[in-house]
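# Commentary on secondary and tertiary structure
The chain contents come next:
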Amino acid sequence: MSTTHRYRTPALAALAAASVVLMAGCAGTTGGAATTAPEGDPVAGGELTVEFWPDNAAFSCVDPFQTYWIEHRQVIRNVADSLTDQDPETGEIVPWLATDWEVSPDGLTYTFNLRDDVTFSDGTAFTADSVVLALESAKATLAAVPGAYGGVYVSGYASSTAVDEDTVEVQFSTPNAAFLQGTSTTNLAILAASSYEGTPEERCLGNVVGSGPFVLDQYTPAEGIDLSKRTGYEWASELNAHQGDAYLDAVHINYVAEDSVRVGDLASGASDIAWPRNPFTPEDRALLESSGATIESRSLPGPSSAYYPNVSEGHPLSEKAVRDALQISIDRETYAQTIYGADYPVVEGPFDTTTPFFESQADALAYDPEKAGEILDEAGWVLEDGATYRSRDGQTLTLVAPITAETPGDVLLQDQLKQVGIELKLDVYQPADRAAITANGEYDLLATYYTRADPGVLAWILDERYAGSKAFAKNAQTPETAAEVQALFDAGLQEADPADRSDIYAELQQLLIADGVSFPIFERVQLAATAPGVNGFRFTSESFLSYYDIWKSAE
């Protein structure tokens, strides 16, 4: 017995519907369709200017398989196509470069039938050999670049075989139930053979040739990316609003560090789309809306914005009581409303609500400063008369949290912990120093997150076998908890039944909160502002922006 190409995860379908309700009051749209029905038919021509959060100073890379930076992955999504696509509303996996597929009963073999009319932008044909080359390159890249982000997508991958020109068979040594969803992602996008002739470093710096509707003309780290329309594109997935060439002639991505500058440029007409890393403040939203901009939103699938602890010996969070107290000392509802506005959703667990198999942990995260104080008192961390912070044996209960720049959210969290006698020390660091800080364990709390519409993505943070930083994964959990977490990751990959996978990932989410491995701070909602005249905005399942259907009308 095999699965059909219209694989649907019931849990995700329900979650997608729930997230639509949740986000309805937050902004313009939560799904894949355009926010408004513009007047008239789409018009070809024009150029789009998008302003992004700055480039990744520590790892400048636009290679699909290696990069984890969401802004880079968004650009790649418009340059390189994938075997399948995923409906952001329902979670359904639909054909793209593959027309249909089968999965063997043991979950070890995926067979894809491919389109025969696809070419890459260098003129070469897309065939089964293209898929084999892409997956074998992924395997080689993992050997050359341990911790490459795409590694979690191909866990257990063994080999690929071109059965014929339009059929490819992918073999796994252990079941990987998340692979089919993985084939819809940017990170498993298929590149032309010419891309793989270069080194992983050369691909990072722009040697990327795809079969998508746009061509990557130039990537200048720390400055921006230029794309141009590719002619003759005729194989968009059914999730798009049209077939044929993209409407835009070109897309220009600029890196802008200051939120206020990004907002000001959009409001003044200097840019077409403002794409922040963190949600707009209520003040910025008011300015944008007063200028006629439309605000779009969708939660990013994957881990919520969270702190992860350093539980190694000598650090306060190595003590379970301190982790328990910290978890309920964070007033997440006040955080969401104060920092992002009254309608902003409150984080409910280690994953955002658009993540498949999400299960709310809201009860375990409920704010309870009195109970937190009792836990700390019992552990000997007492608040002496007249003291601001708790202490034990002459040591102040201080948690060091390295940050790249102080934000109002950091200050609010600092004040919340102060209310229960915990000192949160905010140490500003340069992004390039993060690896050393992590490796040396010079922190108590450190924030991170990654984006994928599958809960297995968390393995890249917490599973030493796949983690981008093995030191970070090791520091975040005790050896006993790490073994439990790894076992649950493995079980989630090996179980094909959606209901059973849901149970496995529910247990994982409960464990991460109960043992204090993840300290969720806020739901990661991707907001974007579009200028008047920008039509056809569409979020992908990864909450990236598809440029393909966008067209510009006269203001």
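Residues numbered from 1 in each chain as written. Predicted model: local features only at pLDDT ≥ 70, side-chain atom pairs only at ≥ 80, totals over all residues. Heavy atoms only, no water.

Our next topic: the environment of G91. Along the chain, G91 turns up in the loop between β2 (84–86) and β3 (93–95). G91 gets classed as buried once you look at its relative accessible area, which sits at 4%. For the pair G91 and Q181, spaced 90 residues apart in the sequence, the C-alpha separation amounts to 9.0 Å. (Helix = DSSP H or I, 4+ residues; strand = E, 2+ residues; numbered from the N terminus. Buried < 20%, exposed > 50% of the residue type's maximum accessible area, 1.4 Å probe, protein only.)

By definition, the strands of a sheet pair up through backbone hydrogen bonds, in either a parallel or an antiparallel sense. As summarised here, the arrangement of the seven strands in space is β8-β9-β10-β1-β11-β20-β12, forming an open sheet in which the pairing is mixed. Here the strands that pair on one side only, and so sit at the sheet edges, are β8 (214–220) and β12 (294–299). Across the sheet, the mean angle separating the axes of adjacent strands is 20 degrees when strand polarity is ignored. In this sheet, strand β10 (residues 250–255) lies alongside strand β1 (residues 47–52) in parallel orientation, the contact comprising six bridges. The partner of T49 across the bridge, within β10, is H252. (Pairing = 2+ DSSP bridges. Axes fitted to C-alpha atoms, helices over the stretch in contact; angles between N-to-C directions.)

Moving on, we come to the sheet that holds strand β7 (residues 167–172). Spatially, β4-β5-β7-β6 is the arrangement adopted by the four strands of the open sheet, whose pairing is antiparallel. The two strands at the open ends of the sheet, each matched to only one other strand, are β4 (98–103) and β6 (157–164). On average, adjacent strands in this sheet sit at an angle of 20 degrees to one another, irrespective of strand direction. As paired elements, β4 and strand β5 (residues 109–114) share five bridges and run antiparallel to each other.

Within the structure shown, the criterion is met by one disulfide. In this model, C61 is linked to C204 through a disulfide, with the two sulfur atoms separated by 2.1 Å. Because the torsion about its S-S bond is -75 degrees, the bridge between C61 and C204 counts as left-handed. One end of the pair, C61, is in the loop between β1 and α2 (70–77); the other, C204, is in helix α6 (residues 200–204), and 143 residues separate them in sequence. As far as the burial class goes, C61 and C204 line up, both buried. (Disulfide = S-S within 2.5 Å.)

In this section: the packing of helix α10 (residues 332–340) against helix α12 (residues 408–418). One can describe the packing of α10 onto α12 by two numbers: an axis separation of 10 Å at closest approach and a directional angle of 150 degrees. Judged by the inter-axis angle, α10 sits roughly antiparallel to α12. Judged by the twist between their axes, the crossing of α10 over α12 is right-handed. Mapping the contact onto sequence places T334, Y335, T338 and I339 in α10 and P408, G409, L412 and Q416 in α12. (Parallel < 35°, antiparallel > 145°, perpendicular 65-115°, else oblique. Left-handed = near helix turned anticlockwise from the far one by under 90°. Contact = heavy atoms within 4.5 Å.)

Turning our attention to the packing of aromatic side chains. As enumerated under the stated definition, the model contains 29 aromatic pairs in all. When the ring of Y157 is compared with that of F172, the centres are 6.1 Å apart and the planes differ by 80 degrees; the resulting orientation is edge-to-face. A residue pair is termed long-range when its members are at least 10 positions apart, and Y157 in strand β6 and F172 in strand β7 qualify at 15 residues. Residue Y157 is classed as buried on the basis of its relative accessible area, which comes to 11%. Ring geometry for Y450 versus W460: centroids 4.4 Å apart, planes at 90 degrees, classification edge-to-face. In this pair, Y450 is assigned in the loop between β18 (445–448) and α14 (459–462) and W460 in helix α14, connecting sequence segments ten residues apart. The two residues Y450 and W460 agree in class, both being buried. Clustering of aromatic rings is evident, with ring pairs tying together F59, Y68, W69, Y149, Y153, Y450 and W460. (Phe/Tyr/Trp six-rings, centres within 6.5 Å; stacked < 30°, edge-to-face > 60°.)

In this structure, G394 sits in the loop between β14 (391–392) and β15 (395–396). In this structure G394 comes out as exposed when scored by relative accessible area, which is 79%. For the pair formed by G394 and E201, sequence separation is 193 residues and the distance between their alpha carbons is 50 Å.

Before going further, it helps to spend a moment on the nonpolar core. Grouped together as the largest cluster of nonpolar side chains are 143 residues, with contacts concentrated most on F112, L227, I253, L462 and Y547. For this core, the element with the highest residue contribution is helix α3 (residues 128–144), accounting for six residues. Those residues within four positions of L462 in sequence are excluded, and the remaining contacts are Y308, A473, A476, Q477, V485, F489, L512 and V517. (Core = buried A, V, L, I, M, F, W, Y, C linked by side-chain atoms within 4.5 Å.)

A contiguous patch of negative charge on the surface is contributed by E359, E480, E484, D497, D500, D503 and E507. Sorting the residues of the negative patch by element identifies α16 (479–494) and α17 (498–514) as the ones contributing at least two each. Within the fold, E507 resides in helix α17. (Patch = residues over 30% accessible without salt bridge, like charges linked within 9 Å, V, L, I, M, F, W, Y side chains within 5 Å. Areas by Shrake-Rupley, 256 points an atom, 1.4 Å probe, with all protein chains shown as cover. Salt bridge = Lys/Arg side-chain N within 4 Å of Asp/Glu carboxyl O. Lys, Arg positive; Asp, Glu negative; His and termini not counted. Charge placed at Lys NZ, Arg CZ, Asp CG, Glu CD.)

Where charged atoms from two side chains of opposite charge come close, those side chains can pair. In total, this model carries 15 salt bridges according to the counting rule given. In this structure, R73 engages E542 in a salt bridge whose closest nitrogen and oxygen atoms are separated by 3.5 Å. Of the two residues, R73 sits in helix α2 while E542 sits in the loop between β21 (534–535) and β22 (551–552), which places them 469 residues apart along the sequence. Neither R73 nor E542 differs from the other in exposure class; each is buried. Linking K229 and D249 is a salt bridge whose minimum nitrogen-to-oxygen distance equals 3.5 Å. Remark: D249 occurs in the loop between β9 (224–229) and β10 and K229 occurs in strand β9; sequence separation between them is 20 residues.

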